[in-house]
Amino acid sequence: DIQMTQSPASLSASLGETVTIECLASEDIYSNLAWYQQKPGKSPQLLIYDASSLQDGVPSRFSGSESGTQYSLEINSLQSEDAATYFCQQHHDYPYTFGAGTKLELK
Amino acid sequence: QVKLLQSGAALVKPGASVKMSCKASGYTFTDYWVSWVKQSHGKSLEWIGEIYPNSGATNFNEKFKGKATLTVDKSTSTAYMELSRLTSEDSAIYYCTRDTTGIPVGYWGQGVMVTVSS
């Protein structure tokens with residue numbers, strides 16, 4: 001199975017700051033990566049697909065990028081509503097696998 | 001708009017089975033794969049498998065073969081997942097999802113909490 005190593009496990013940031021969350025794939029996944037946001041008690045929501053494409057309705061302060069097998073989610077100008085857990089997922093090969101998640105807290 | 005409405009929470013005894021449903025609306029049910037995802041308490045997500053409603057074709061995570069059975073009822077646009085021989089390790093929230101934009105897991109249902117306890 002393809003392993004997705006996500007970091008950090010948690011982070012705390014202030015309103016207006018920029019944060020970056022990373023996922024390292026154990027092999028080439030050819031940009032077949034999605035990012036999800038999950039708020040407490042809610043279902044995950046798709047933010048980014050194909051590593052860098054923004055899902056409809058997602059604010060432009062969210063962006064995705066890649067470098068080799070390293071994938072990043074950047075959130076600019078943090079808002080209070082961005083407090084959530086973020087997951088990456090590869091869908092290049094079966095079984096589709098997720099990162100362990102990053103819990104983002106706002107100071 | 002796309003909606004996936006899942007059945008209610010279930011409390012089941014060890015060794016028993018549970019069958020949950022996912023009723024789709026807002027799109028042509030037979031045109032999109034439906035995946036199921038497990039989220040254990042406080043933990044990450046595991047992809048269980050997927051089914052293509054038009055043909056019934058399935059793909060599974062090896063870990064869940066023999067544990068999960070996926071079916072659909074095209075007449076009611078409903079997907080089902082049955083979990084068998086339940087243990088405490090199966091206590092979790094289970095989501096049905098639909099693919100979008102070529103992404104297997106795009107739209108999500110609200111989730112079903114399954115608790116396995118005697």
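Residues numbered from 1 in each chain as written. Chains lettered and ligands numbered in written order. Predicted model: local features only at pLDDT ≥ 70, side-chain atom pairs only at ≥ 80, totals over all residues. Heavy atoms only, no water.

Colleague: Give me the overall build of chain A: which residues, what numbers.
Modeller: Per the secondary structure count, chain A includes 0 helices and 11 strands. Ordered by position from the N terminus, the helices and strands of chain A form the series β-β-β-β-β-β-β-β-β-β-β. For 107 residues, the compact-globule formula gives about 13 Å, and the C-alpha radius of gyration of chain A, at 13 Å, lands near that figure. Taken along the three principal axes of its C-alpha coordinates, chain A extends 35 × 25 × 25 Å. (Helix = DSSP H or I, 4+ residues; strand = E, 2+ residues; numbered from the N terminus. Rg over C-alpha atoms; globule rule 2.2 N^0.38 Å.)

Colleague: Give me the lowdown on the overall build of chain B, citing residues and values where you can.
Modeller: For chain B, the helix and strand inventory stands at 0 helices and 11 strands. With the principal axes as the frame, chain B shows a C-alpha extent of 40 × 25 × 25 Å. The buried share of chain B, taken over its 118 residues, is 49%. Mean positive and mean negative side-chain charge positions of chain B (12 and 9 charges, respectively) differ by 5 Å. (Buried < 20%, exposed > 50% of the residue type's maximum accessible area, 1.4 Å probe, protein only. Lys, Arg positive; Asp, Glu negative; His and termini not counted. Charge placed at Lys NZ, Arg CZ, Asp CG, Glu CD.)

Colleague: Account for the layout of surface pockets, with residues named and values stated.
Modeller: Estimates place the volume of the second largest pocket at around 420 Å³. Lining of the second largest pocket is provided by 23 residues; of these, Q45, L46 and Q55 of chain A together with G106 and Y107 of chain B occupy positions nearest its centre. (1 Å grid on protein atoms, 1.4 Å probe; cavity = no way out; pocket = protein on both sides within 12 Å on 5 of 7 lines; lining within 4 Å. Points joined across faces, edges and corners; volume = space filled by probe spheres on them.)

Colleague: I'd love a proper account of the pairing of strand β8 (residues 70-75) of chain A, names of residues and values included.
Modeller: Residues and elements named next belong to chain A. Pairing of strand β3 (residues 19-25) with β8, which is carried by 6 bridges, proceeds in the antiparallel orientation. What sits directly across from V19, in β8, is I75. Pairing analysis gives 6 bridges linking strand β7 (residues 62-67) to β8, with the strands arranged antiparallel. Bridge assignment links E66 to a residue of β8, and that residue is Y71. Counting the residues that bridge the hairpin from β7 to β8 gives 2 residues, and of these G68 lies at a positive phi of roughly 65°. (Pairing = 2+ DSSP bridges.)

Colleague: Report on the state of the cysteines, specifying residues and quantitative values.
Modeller: Covalent bonding between the sulfur atoms of two cysteines defines a disulfide. Residue and element names in this part refer to chain B. A full pass over the atoms with the stated rule returns 2 disulfides over all chains. Sulfur-sulfur distance for the disulfide between C22 and C96 comes to 2.0 Å. Residues C22 and C96 are joined by a disulfide whose S-S torsion is about 70°; by sign, that bridge is right-handed. Taken as a pair, C22 in strand β3 (residues 18-25) and C96 in strand β9 (residues 92-100) lie far apart in primary sequence, 74 residues in all. As far as the burial class goes, C22 and C96 line up, both buried. (Disulfide = S-S within 2.5 Å.)

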